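# Structural features, examined
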Amino acid sequence: MTAARTITLGCRLNFAESEAMRALAGDDTIIVNSCAVTNEAVRQTRQAIRRAHREAPDKRIIVTGCAAQLDPQAFAAMPEVAKVIGNAEKYAPSSFVPSEVEGRQRQRASTSLGTNGLEKIQVSDVMAAPVPPVAAGFLSRVRSFVAVQTGCDHRCTFCSIWQARGPSRSLPYEAVRDAIERELDAGAKEIVLTGVDITSYACPERSRGEPGLGQLCQRLLTDLPQLQRLRLSSLDSIEIDDALMELVAGEPRLLPHFHLSLQAGDDLILKRMKRRHSRAQAVSTVEKLKKARADVTIGADLIAGFPTESGEAALNSLRLLDDCDIVAAHIFPFSPRPNTPAARMPQLEHETIKARAARLRLAAADRRTRWLDSLVGSRQTLLIENSEKGHSDGFAPIHIAGSKRGDMGQARIIGRDEDHLIGIFE
């Protein structure tokens, strides 16, 4: 049976999980793995469903993921959708088997359903029955994502993902190791550890279950000498442990780009977000990372226009770009998510949020341009991932004409275009 087509929105964990689902359905099915991090992400999910149906009207469309978990009725009401399955159901082969009800639905217009599509829904409560993580990967890709945990135990006031994913659950070490080994055997040359909150990783077999991302990485790099390039996805800066900091300082196979979930640069806004770090702690974390290894580069998530954000608070977030030397910023205009405390706070005007997000993006783009310009003339170690393009250890995008997927080595940077550095292998 040929695997299903997947359409994935949102985070790296979603992309990794889509690979685990592909083989669970046949080529008569399109699986849309949704995202709920912002209202825009939900809109894009609905847009992707409609586009997929226009392009392949004979295919079953199954919707899963965080947006489907949080609002299954809305997706079940879409006539293009055959079935909605929750995050707890998406790894069960039986979830993808057409049911008798679905067969009847396909024989009549979906819009005629008297229950607004409720027959299509197979979604359980992830808080009552926590979802175990699945060590998924981008099979046969040179850069592969492997999930080590899912869910979140924190309650940031702007976020609904914990409601969609449930509490934090970590994979046993052996499952992570075996998944990575399979990816390496399939041709992967770089592994990215991913999850909802990977800095909360706690080995289930450890008696106290305390966080242990650094120890996880240490064990992987010791047990898998063939693992030459290990990256980490988004990190909560307050949870970076001593073991991980030791690796930053002394293990070149741990690649030196760290994307931090900072969200804001103002202490009052951070408190209202219910973040667990202060502005000074964020700056201190970056200073420690850069002291441990000179070539460390920093990415960050930042939210513009959080409720009650004053002009000065917005400037503090703008200044954080410089104070943390951020060269890869993901800027999100604040989006009130249903059933979150932030949605009940006094909201800023839409135009104010939009303007502040644009200002942050402009400043972040200027810093990134100056960073890329500074690398011209340098030598960078990189991996070519696709179409003559790849990333350096510090995650600078590089184009090398004539290179092939999987090529790896040192390149001399001879120039740049709008989006990439231009290099030649030496």
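Residues numbered from 1 in each chain as written. Predicted model: local features only at pLDDT ≥ 70, side-chain atom pairs only at ≥ 80, totals over all residues. Heavy atoms only, no water.

Here the focus is the overall build of the protein chain. A count of helical and extended segments in the protein chain gives 13 helices and 18 strands. Viewed in the frame of its principal axes, the protein chain has a C-alpha envelope of about 65 × 50 × 50 Å. For the protein chain, with 426 residues in total, the buried portion stands at 54%. Relative to all contacts within the protein chain whose residues are 6 or more apart in sequence, the contacts with residues 24 or more apart total 70%. Total accessible area computed for the protein chain in this model is approximately 18300 Å², and 51% of it derives from carbon and sulfur atoms. Taking the average location of the 56 positive side-chain charges in the protein chain and that of its 53 negative ones, the two points are 3 Å from each other. (Helix = DSSP H or I, 4+ residues; strand = E, 2+ residues; numbered from the N terminus. Buried < 20%, exposed > 50% of the residue type's maximum accessible area, 1.4 Å probe, protein only. Contact = heavy atoms within 4.5 Å. Areas by Shrake-Rupley, 256 points an atom, 1.4 Å probe, with all protein chains shown as cover. Lys, Arg positive; Asp, Glu negative; His and termini not counted. Charge placed at Lys NZ, Arg CZ, Asp CG, Glu CD.)

A separate point is the packing of helix H8 (residues 213-223) against helix H9 (residues 242-250). Two elements in contact, H8 and H9, have axes separated by 6 Å at closest approach and are oriented at 45°. As judged from the angle between their axes, H8 and H9 are oblique. The handedness of the crossing between H8 and H9 comes out as left-handed. Between H8 and H9, the contacting residues are Leu213, Gly214, Gln215, Cys217, Gln218 and Leu221 on the first element and Ala243, Leu244, Glu246 and Leu247 on the second. Tallied by class, the residues present in the contact of H8 with H9 amount to six nonpolar, three polar and one charged. (Axes fitted to C-alpha atoms, helices over the stretch in contact; angles between N-to-C directions. Parallel < 35°, antiparallel > 145°, perpendicular 65-115°, else oblique. Left-handed = near helix turned anticlockwise from the far one by under 90°. Nonpolar A, V, L, I, M, F, W, Y, C, P; charged D, E, K, R; others polar.)

This part covers empty space enclosed by the protein. One pass over the full model with this rule turns up two cavities of 30 Å³ or more. What the largest cavity holds in volume is close to 40 Å³. Lining the largest cavity, in full, are Glu17, Asn87, Lys90, Tyr91, Val131, Pro132, Pro133, Thr150 and Arg165. Of the residues in the lining of the largest cavity, the class split is four nonpolar, two polar and three charged. Counted as a void, the second largest cavity has a volume near 30 Å³. Every residue lining the second largest cavity is listed: Ile303, Ala304, Glu309, Ala314, Ser317, Arg356, Arg359 and Leu360. If one sorts the elements of the lining of the second largest cavity by residue count, helix H13 (residues 350-375) sits on top with three residues. (1 Å grid on protein atoms, 1.4 Å probe; cavity = no way out; pocket = protein on both sides within 12 Å on 5 of 7 lines; lining within 4 Å. Points joined across faces, edges and corners; volume = space filled by probe spheres on them.)

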